[in-house]
Amino acid sequence: MPEKCVDLIFADPPYNLQLGGELTRPDQSRVDGVDADWDRFASFDDYDLFTHDWLAACRRVLKDTGTLWVIGSYHNIFRVGTVLQDQGFWILNDITWRKTNPMPNFRGTRFANAHETLIWASKSQDQKTYTFNYEAMKALNDGVQMRSDWVLPICTGAERLKDGHGEKAHPTQKPEALLRRVLMSSTNPGDVVLDPFFGTGTTGAAAKQLGRRFIGIEREETYVRLAEARLAKVIPFDPAAREVTRSKRQEPRIPFGWLIERGLLEPGTMLFDPKRRWAAKVRVDGTLVCDGTTGSIHRTAAQIQGLDACNGWTFWHFDVEGRLIPIDVLRQQLRAELN
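A few points on the structure. The structure displayed is predicted, hence computed values, not measured ones.

Counted by the stated rule, this structure contains 14 aromatic pairs. Ring geometry for tryptophan 120 against tyrosine 130: centres 5.7 Å apart, planes inclined by 85°, an arrangement best described as edge-to-face. Linking tryptophan 120 in strand E4 (residues 115-122) with tyrosine 130 in the loop between E4 and helix H3 (134-140), this pair joins segments that are 10 residues apart in sequence. Since its relative accessible area comes to 33%, tyrosine 130 is described here as partly exposed. For lysine 99, the ring lying beneath its charged end belongs to tryptophan 97, and the centroid distance is 5.2 Å. The ring of phenylalanine 272 has arginine 276 lying over it, and the distance from NZ or CZ to the ring centre is 5.0 Å.

Attention shifts here to the sheet that holds strand E9 (residues 279-282). Pairing is antiparallel in the open sheet, where 6 strands are placed in the order E11-E10-E9-E8-E12-E13. With partners counted over all chains shown, the strands left at the sheet margins are strand E11 (293-295) and strand E13 (323-326), one partner each. Each strand of the sheet is rotated relative to its neighbour by a mean of 35°, with strand direction disregarded. Sheet topology note: the strand E8 (residues 270-272)/E9 ladder contains 3 bridges and is antiparallel. Following the sheet pairing, phenylalanine 272 is matched in E9 by alanine 279. Together, strand E10 (288-290) and E11 form the strand contacts of helix H8 (residues 297-305), whose direction differs from that of E11 by roughly 155°.

What the 7 strands build is an open sheet, ordered E5-E3-E4-E2-E1-E6-E7; its pairing is mixed. Two strands in the sheet have a free side with no partner beyond their single neighbour: strand E5 (149-152) and strand E7 (213-216). Across the sheet, the mean angle from the axis of one strand to that of its neighbour is 20°, orientation sign disregarded. Judged from the 2 bridges that link them, strand E1 (residues 6-11) and strand E6 (residues 192-195) form a sheet pairing that is parallel. The residue of E6 that forms the bridge with leucine 8 is valine 193. Running over the sheet, helix H1 (residues 44-61) touches E1, strand E2 (62-72) and E6 and is turned about 150° from E2. Sitting on the sheet, helix H2 (residues 77-86) is in contact with E2, strand E3 (90-99) and E4, with an inclination near 160° to E2.

Further remarks concern the state of the cysteines. Enumeration over the complete set of coordinates arrives at 0 disulfides. There is no disulfide at cysteine 310, and the cysteine sulfur nearest it, in cysteine 290, is 12 Å away.

Let's shift gears to the pairing of E7. Looking at chain direction, E6 and E7 are connected through 4 bridges and run parallel. Across the sheet, residue valine 193 finds its bridge partner in E7, namely phenylalanine 214. A crossover connection joins E6 to the parallel E7 through helix H5 (residues 202-210); in handedness this β-α-β unit is right-handed.

Residue lysine 4 is not a glycine yet carries a positive backbone phi of 50°. Within the element layout of this structure, lysine 4 appears in the segment before E1. You will see that aspartate 291, though not glycine, has its phi angle at about 50°, which is positive. As for its position among the elements, aspartate 291 is in the loop between E10 and E11. By relative accessible area, which is 62% here, aspartate 291 ends up exposed.

Structurally, the position occupied by aspartate 46 is in helix H1. With 240 residues separating them in the primary sequence, aspartate 46 and glycine 286 have C-alpha atoms 66 Å apart.

Let's shift gears to helix H6 (residues 221-233). Between its first and last C-alpha, H6 extends 19 Å over 13 residues, near the 18 Å set by a 1.5 Å rise per residue. What H6 keeps buried is the set Tyr223, Ala227, Arg230 and Leu231. Summarising the axial view, the buried residues of H6 lie within an arc of 95°, below the 170-degree limit, and thus occupy one face. In H6, those exposed residues whose orientation departs by more than 90 degrees from the buried face are Glu221, Arg225, Glu228, Ala232 and Lys233. Packing partners of the buried residues in H6 comprise helix H4 (176-186), H5 and E7.

Moving on, we get to the pattern of salt bridges. Scanning the model with the defined rule gives 14 salt bridges in all. Here lysine 4 and aspartate 64 are joined by a salt bridge, their closest N and O atoms 3.1 Å apart. Taken as a pair, lysine 4 in the segment before E1 and aspartate 64 in strand E2 lie far apart in primary sequence, 60 residues in all. When its relative accessible area of 44% is taken as the criterion, aspartate 64 is described as partly exposed. The salt bridge involving aspartate 273 is made with arginine 277; its shortest N-O contact spans 3.1 Å. Bridged by salt links that share partners, the residues Lys4, Asp64 and Lys123 form one connected network.

What counts and how
Residues numbered from 1 in each chain as written. Predicted model: local features only at pLDDT ≥ 70, side-chain atom pairs only at ≥ 80, totals over all residues. Heavy atoms only, no water. Phe/Tyr/Trp six-rings, centres within 6.5 Å; stacked < 30°, edge-to-face > 60°. Helix = DSSP H or I, 4+ residues; strand = E, 2+ residues; numbered from the N terminus. Buried < 20%, exposed > 50% of the residue type's maximum accessible area, 1.4 Å probe, protein only. Lys NZ or Arg CZ within 6 Å of the ring centre and 35° of its normal. Pairing = 2+ DSSP bridges. Axes fitted to C-alpha atoms, helices over the stretch in contact; angles between N-to-C directions. Contact = heavy atoms within 4.5 Å. Disulfide = S-S within 2.5 Å. Right-handed = clockwise from strand over helix to strand, strands pointing away. Expected span 1.5 Å × (residues − 1). Arc of directions from axis to C-beta. Salt bridge = Lys/Arg side-chain N within 4 Å of Asp/Glu carboxyl O.

Written as structure tokens, this is what we have:
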């Protein structure tokens, strides 16, 4: 792969998760743990070398504006985090995925492991540009800023892929809801997503649904066949349905004077604060005059209140039959036309 060619990397590497002997439930039925060869490492040193190599390869193909996600458990995530920082990545968040239906600790010797950790990192500390769809995450969380603890169920039911014997096809298949949240938060339609541990294709399924392009790398032939069959059945969401709420910073800048030029506000129109304590007259050049203060919508709003700064778009309102409407409504009308 060429250097700096992908926008986002989601990595679900082997956890080095070996159970100490066979684990059984109280009814003596066997717990289906992770005992595949791909999860076996001779020592911590071997695992650290493996982690160093795949992270270095990821760093080479990640754009300077891209970010990387990696998920793990207490068995490996701290070792991964150390290597990640040693290579110059800058941690933006660690996310706790709290499972609503975790596997119990059948031996009763520890707390039940009810969460996994995701690390979200930029390529460097100096990186100023990366995708974060803050408003979309806030909308997904019922209008409240999304926190770093995510409550989602593990992969079960019809979403869980089965082999020819009706058993789990992959021991650590991740739920599509988790990957959709990751991709919605930190990519845009058309972005290229790389998953270097593709497994049965959950990242690809979420990417295809959301209109992202993806590259999946998987060495286990069984998983490759399952992923290909799975992805062939995925139907992308239609373009209108996969649009998300855009951040204010991403929207085109609309000068207040454009409202006057477009006839949305006439020179001489009176604007008011929400409680009608102040009234300002709109001038032909897009400035306001209020109580002897003249300037932009932001400067006049700040000065009359004795503040250092104020958002004039939300402070000033125009009157429609006795009802005050914020001028920001007119700005959004122009933005919609531009989009």
